[in-house]
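# Fold and geometry: a report
Here is how the chains run, residue by residue.
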Amino acid sequence: MTLDTPRRVVALVPAAGRGVRLGEATPKAFVPVGGSPMLVRAIDGLIASGVVDRIVIMAPIELLDDARKLLAARAHAASSIPVDVVPGGAERTDSVRAGLAAASDATHILVHDAARALTPPALIARVVAELAAGHRAVVPGLPVADTIKSVSADGAVTGTPERAALRAIQTPQGFDAELLRTAYAAELSATDDAGLVEACGATVRVIAGDALAFKITGPLDLRLAEALLSGADHTSGQVGGQQEKRTAVPR
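Residues numbered from 1 in each chain as written. Predicted model: local features only at pLDDT ≥ 70, side-chain atom pairs only at ≥ 80, totals over all residues. Heavy atoms only, no water.

### A closer look at the overall build of the protein
Going by this rule: Labels follow the DSSP assignment, with helices taken as runs of H or I lasting at least four residues and strands as runs of E lasting at least two, numbered in each case from the N terminus. Each residue gets one of three labels from its accessible area relative to the maximum for its type: buried under 20%, exposed over 50%, partly exposed in between, using a 1.4 Å probe on protein chains only. Contacts are assigned to residue pairs that have any heavy atoms within 4.5 Å of one another. All accessibility values rest on the Shrake-Rupley procedure with a 1.4 Å probe; residue burial counts only the protein chains present in the view.
Each helix and strand in the protein was counted, giving 7 helices and 12 strands. Expressed as a percentage of the 251 residues in the protein, the buried residues total 45%. Within the protein, residue pairs in contact and separated by at least 24 positions form 74% of the contacts whose partners lie at least 6 positions apart. When the accessible surface of the protein is split by element, carbon and sulfur atoms take 53% of a total near 12,300 Å².

Laid out in structure tokens, this is it:
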């Protein structure tokens, strides 16, 4: 990418996971929260951020038509932002790789969990603002409240890292597209996309995350999301009494 290349931000949304820990028969991204599937809420947030040019969803191959119909029935049909659905893979990395192949036009990539369905649009905008400022990899994170222990296979504590230096990382994770493609081409192992980029020697910038960007993993998380949405002011776009403010990002 050259300095005069127009920025084009494409958001990849892995939605092919089965979500076994949630205990639902439906793949997790299609489980409703507050009356709408997590996937739809995640897409709504990306569109509302005002900083995404295109969205690519990686869905289970048997649910491709369902995903397309679901999105077509929503306000997304009236949005100027294209929302495409492609087959995902067995693992998250397979899905992101499929999304990257479908996003060849991107200069910057956001990878966003459908399960972080309540992520505020303002957080998404802040990630893109950091990319626009020249950072090649940006992730939101929250300070860790609990004491963390490293533990051996037999259950013995092997260390207590200083929690002031720890962050619980959220999504969307933002990247220079060329950097993320290079990281995936290296066929390395990591628990998130930022880890792949780190393994390639790139610097990842952490910005302040948001408590509402929590991941809906188990039944308790789902109950929390339902409770938050039941207290939302749907007429003003507020969740938990917090109104979103967009972050201006120069094009």
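### Quick notes on the packing of helix α3 (residues 92–102) against helix α5 (residues 177–185)
What counts, and what does not: For every element, the axis is a line fit to its C-alpha atoms; helices are fit only across the contacting stretch, and the angle between N-to-C directions ranges from 0 to 180 degrees. Here the word oblique covers every angle except those under 35 degrees (roughly parallel), over 145 (roughly antiparallel) and from 65 to 115 (roughly perpendicular). Here a crossing is called left-handed whenever its near helix is offset anticlockwise from the far helix by less than a right angle, and right-handed whenever the offset is clockwise. Under the grouping applied here, Gly and all other residues not named as nonpolar or charged are polar, the nonpolar ones being Ala, Val, Leu, Ile, Met, Phe, Trp, Tyr, Cys and Pro and the charged ones Asp, Glu, Lys and Arg.
Taken N-terminus to C-terminus, the directions of α3 and α5 make an angle of 135°; their axes are 11 Å apart at the nearest point. Considered as vectors, α3 and α5 are oriented oblique to each other. Judged by the sense of rotation from one axis to the other, the crossing of α3 with α5 is left-handed. Mapping the contact onto sequence places T93, V96, R97 and L100 in α3 and L180, R181 and Y184 in α5. The residue inventory of the contact of α3 with α5, partitioned by class, reads 4 nonpolar, 1 polar and 2 charged.

### A short note on the environment of G218
Of note, G218 is situated in the loop between β12 (205–208) and α7 (219–230). Residues G218 and K28 lie 190 residues apart in sequence; the distance between their C-alpha atoms is 10.0 Å.

### Digging into unusual backbone geometry
The omega torsion of the bond from T171 to P172 falls at 10°, within 30 degrees of zero and hence cis. Structurally, P172 can be placed in the loop between β10 (167–169) and β11 (173–176). We note that E187 has phi near 55°; this positive angle belongs to a residue other than glycine. Inspection of the secondary structure puts E187 in the loop between α5 and α6 (193–199).

### So, the UniProt feature "site: Positions MEP for the nucleophilic attack" (unreviewed entry) in the protein
How we decide: UniProt positions are given in the numbering used here, feature names are shortened, and annotations may be inferred rather than shown by experiment.
The positions that UniProt labels "site: Positions MEP for the nucleophilic attack" (unreviewed entry) are, in the present scheme, R163 and K215. Along the chain, the position of R163 falls in the loop between β9 (157–159) and β10. Residue R163 is classed as partly exposed on the basis of its relative accessible area of 39%. Setting aside residues up to four positions removed in sequence, R163 forms contacts with V144, A145, D146 and T147.

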